[in-house]
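# A closer look at the structure
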Amino acid sequence: EHKITADQVTSILNQWKDQIEIGISRSLSVGTHGFNDNGTSGISPTYFSFNVTEWKKIGKVNEEGHPLVIPITLEVGKFPLFLEGPVRMMKTVQKDNAYTIYSKVKNSALRDHGLNMYTISASLKGQSYDMGRMMSFTPGWLENQSVWFHMSYKFYLELIRKG
């Protein structure tokens, strides 16, 4: 059994919080990338992909005979905007920051200006089919740039919570 003091717990939690804030800052600097999206919207990205571009074999194989490796270098893949990212970020910020997020989202490709509603994603045009099943749907259908009320409601709920 190992006992720690309240001060030690506070110190650990503050270190974790600092690391999370660094990660959020890094994600915003990486940005997003999609059709008519240069990645500078300032809206929190939701998804990234990582491709191993350099690795080192460790001399072992898995049960199927494939070599096991240690990744040395990763390349970050960017995706278009999804409403989930800003909705979750709004849960963690103060009222002023929530209004800034709202303004950015309202003026982004996440808003269907004809319907005056929010879509779950910006345009997926030009994305790789590696994104998954959402790429098989035409825009406005299922996961591809469609209006899902539950996601819009999550966004509105966070706005209400922030006053």
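The following refers to the structure shown. Predicted, not measured: the structure shown is a model, and the values here were computed from it.

### Description of the nonpolar core
Core analysis: the largest hydrophobic core is formed by 17 residues, its most contacted members being Leu83, Ile101, Val105, Tyr118 and Phe155. Elements with a minimum of two residues in this core: α2 (84-90), α3 (95-106) and α4 (149-161). Among the elements that take part in this core, α3 stands out by supplying 4 residues, more than any other. Discounting residues that sit within four places of it in the chain, Tyr118 has contacts with Leu83, Tyr102, Val105, Lys106, Leu110, Arg111, Ser146, Val147, Trp148, Ser152, Phe155 and Tyr156. Ranked by size, the runner-up nonpolar core spans 6 residues in total, among them Phe82, Leu124, Met131 and Met134.

### A look at the packing of aromatic side chains
For the structure shown, the criterion picks out 8 aromatic pairs. With centroids separated by 5.9 Å and ring planes inclined at 45°, the aromatic side chains of Tyr99 and Tyr102 adopt a geometry described as tilted. Note that Tyr99 and Tyr102 are positioned in helix α3 at a spacing of 3 residues, about one turn of the helix. Overall, the relative accessible area of 55% leaves Tyr99 in the exposed class. Following the ring pairs from residue to residue traces out a cluster consisting of Tyr99, Tyr102, Tyr118, Phe149, Tyr153, Phe155 and Tyr156. Its end group placed over the ring of Tyr118, Arg111 keeps NZ or CZ at 4.9 Å from the ring centre.

### Examining a nonpolar patch on the surface
A surface patch of nonpolar side chains, amounting to about 560 Å² of accessible area, comprises Phe50, Val52, Trp55, Val69, Leu74 and Val76. Counting residues per element, the ones that place at least two in the nonpolar patch are β1 (48-61) and β2 (67-78). Relative to the assigned elements, Phe50 resides in strand β1.

The rules behind these values
Residues numbered from 1 in each chain as written. Predicted model: local features only at pLDDT ≥ 70, side-chain atom pairs only at ≥ 80, totals over all residues. Heavy atoms only, no water. Core = buried A, V, L, I, M, F, W, Y, C linked by side-chain atoms within 4.5 Å. Buried < 20%, exposed > 50% of the residue type's maximum accessible area, 1.4 Å probe, protein only. Helix = DSSP H or I, 4+ residues; strand = E, 2+ residues; numbered from the N terminus. Contact = heavy atoms within 4.5 Å. Phe/Tyr/Trp six-rings, centres within 6.5 Å; stacked < 30°, edge-to-face > 60°. Lys NZ or Arg CZ within 6 Å of the ring centre and 35° of its normal. Patch = residues over 30% accessible without salt bridge, like charges linked within 9 Å, V, L, I, M, F, W, Y side chains within 5 Å. Areas by Shrake-Rupley, 256 points an atom, 1.4 Å probe, with all protein chains shown as cover. Salt bridge = Lys/Arg side-chain N within 4 Å of Asp/Glu carboxyl O.

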